[in-house]
Amino acid sequence: MAITKQYLKSKPICKVTFSVPAEEAKEVSVLGCFNEWNAEKAVKLKKLKNGTFKGTVDLAKDDSYEFRYLVDGTFVNDAHADAYVANQFGAENAVMNL
C-alpha cells in the first residue's frame, strides 16, 4: 500500500494517489472524512493489470484526513499512513497529513 502526495503550485490542493496491491480482490475503495465515510461517495480504485488498485483524489492541503480502505467489504489500514487514531468501533483509522 502506498500514498503519493503531489502538491499543486497554482492551488491549495494536493493530489493524493492511493495504491493498494490486492491481486485477489474484486473491489477496493477509499472511505474517509473527506467523503463522509459514505460508501456511495467512496473513491473507487481501478484495478491495473499488475493486480494493484489505484485512484486519485484532490484534497485541500494543510489539513489531516482519516481514512481506511474497503477491500471486498473488509476495512484495511494503510501501513504507510502518517499516523493512526482510534475510532468508535474499537479499531484504528489511518491518518494522512497534507
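Residues numbered from 1 in each chain as written. Predicted model: local features only at pLDDT ≥ 70, side-chain atom pairs only at ≥ 80, totals over all residues. Heavy atoms only, no water.

1. Observations concerning the side chain of Ser19
- Secondary-structure assignment places Ser19 in strand β2 (residues 13-21).
- On the accessibility criterion, Ser19 (14% relative accessible area) is buried.
- Those residues in contact with Ser19 that sit more than four places away from it in its chain are Met1, Ala2, Thr52, Phe53 and Lys54. (Helix = DSSP H or I, 4+ residues; strand = E, 2+ residues; numbered from the N terminus. Buried < 20%, exposed > 50% of the residue type's maximum accessible area, 1.4 Å probe, protein only. Contact = heavy atoms within 4.5 Å.)

2. Looking at the nonpolar core
- Formed by 22 residues in total, the largest nonpolar core has its most connected members in Val16, Phe18, Val28, Leu45, Phe67, Tyr69 and Met96.
- Those elements giving two or more residues to this core turn out to be β2, β3 (28-32), β6 (52-60), β7 (64-71) and β10 (92-97).
- Beyond its immediate stretch of four places on either side in the chain, Val16 contacts Ile3, Thr4, Gly55, Thr56, Val57, Leu59, Met96 and Leu98. (Core = buried A, V, L, I, M, F, W, Y, C linked by side-chain atoms within 4.5 Å.)

3. Looking at the state of the cysteines
- Enumeration over the complete set of coordinates arrives at zero disulfides.
- With no disulfide of its own, Cys14 lies 14 Å from the sulfur of Cys33, the closest cysteine sulfur. (Disulfide = S-S within 2.5 Å.)

4. Focus on the packing of aromatic side chains
- In total, this model carries five aromatic pairs according to the counting rule given.
- Summarising the aromatic geometry, the rings of Phe18 and Phe34 are spaced 6.5 Å apart at their centres and angled 20° between planes, so their arrangement reads as stacked. Here Phe18 is found in strand β2, whereas its partner Phe34 is found in the loop between β3 and β4 (43-44), with 16 residues between them in sequence.
- Taking the centre distance of 6.0 Å and the plane angle of 85° together, the rings of Phe18 and Tyr69 count as edge-to-face. Here Tyr69 lies in strand β7 and Phe18 lies in strand β2, a separation of 51 residues in the sequence.
- A residue is classified by how much of its surface remains accessible, and Phe18, at 0% relative accessible area, is buried.
- Residue classification places Tyr69 among the buried positions, given a relative accessible area of 0%.
- Through a chain of ring-to-ring contacts, three or more aromatic side chains come together here, namely Phe18, Phe34, Tyr65, Phe67 and Tyr69. (Phe/Tyr/Trp six-rings, centres within 6.5 Å; stacked < 30°, edge-to-face > 60°.)

Note that every value here comes from positions in space, so none of it alone points to a role or purpose.
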